[in-house]
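A structural walkthrough
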Amino acid sequence: MKKLLLSAVLVAAVLFTSCRDEKDNVDKTEDTLENAAEATGDALENAANATGDAVKGAANATGEALEDAANTTGDAIKDATNATGEALENAANATGDAVKDTAEGAKKLATDAVDGAKKMGTDAANATKEAASKTGAAVEEAGQDIKKKMN
């Protein structure tokens, strides 16, 4: 009986110690899971912020590129309009003088004025193409920046 009693006490002591160790392990596991959840939340928040910043930067770059393109196009059109107006004014004056002098002189001056207007129109078209190209390059660069930041 004495052995049985001692065995029972020994088994109870082992079970008590074993349960206490298991509780400690559960507490440690719980802390680890909680820390992992917090770290995941922080990582997701940081990723969302970085994505937002990248999108905002791309939008700003695109807006600036479009504004620059619009300004360049507007300036080119304004310059072309002014040059065309001056060319037409000069052509009209020259035509008036040529009509006074000879019909042949008027024909030559009118041809020169038309060629000048064509050249100015071509210059304006080229300036518009260049502005469109800059816009396309800025949009492409913004897209690449977004891809880099997302990777």
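The following refers to the structure shown. The structure displayed is predicted, hence computed values, not measured ones.

Criteria and cut-off values
Note on numbering: residues in each chain are counted from 1, in written sequence order. In keeping with the predicted nature of the model, local features appear solely for residues at pLDDT of at least 70, side-chain atom pairs appear and are counted solely at 80 or more, and the whole-chain, interface and lining totals rest on all residues. Excluding hydrogens and water, the side-chain values take into account all heavy atoms of the structure. Strands are runs of DSSP state E lasting at least two residues, helices are runs of H or I lasting at least four, and both sets are numbered from the N terminus onward. Only protein chains enter the area calculation, which uses a 1.4 Å probe; residues under 20% of their type maximum are buried, those over 50% are exposed, and those in between are partly exposed. Shrake-Rupley sampling with a 1.4 Å probe provides the accessible areas, and residues are treated as covered by the protein chains on show and by no other component. Any Lys or Arg side-chain nitrogen located within 4 Å of an Asp or Glu carboxyl oxygen qualifies as a salt bridge. To count toward a patch, a residue needs a relative accessible area above 30% and no salt bridge. Like charges then connect within 9 Å, nonpolar side chains (Val, Leu, Ile, Met, Phe, Trp, Tyr) within 5 Å. Counted as positive: Lys and Arg. Counted as negative: Asp and Glu, with His and the chain ends omitted from the count. Note on charges: their place is set at NZ of Lys, CZ of Arg, CG of Asp or CD of Glu. Whether two residues are in contact is decided by their heavy atoms: any pair within 4.5 Å suffices.

Quick notes on the overall build of the protein chain
When helices and strands are tallied, the protein chain shows two helices and zero strands. In the protein chain, buried positions account for 13% of the 151 residues. Surface accessibility of the protein chain: about 11500 Å² in total, with carbon and sulfur atoms responsible for 60%.

A short note on the pattern of salt bridges
Charged atoms that come close allow side chains of opposite charge to pair. Summed over the entire model, instances satisfying the criterion amount to two salt bridges. A salt bridge links Lys119 to Asp123, with the nearest nitrogen and oxygen atoms 3.2 Å apart. With a gap of four residues between them, Lys119 and Asp123 both fall in helix α2 (residues 103-150), about one helical turn apart. What makes Lys119 exposed here is its relative accessible area of 51%.

With respect to a negative patch on the surface
A cluster of acidic side chains, namely Glu30, Asp31, Glu34, Glu38, Asp42 and Glu45, defines a negative patch on the protein surface. Relative to the helices and strands, Glu38 resides in helix α1 (residues 2-101).

A closer look at the side chain of Thr135
Looking at the secondary structure, you find Thr135 in helix α2. The buried category is assigned to Thr135, whose relative accessible area is 13%. If we ignore the near neighbours within four places in the chain, the residues touching Thr135 are Ala65, Leu66 and Ala69.

Interpretation in functional terms is not warranted from these geometric data alone.
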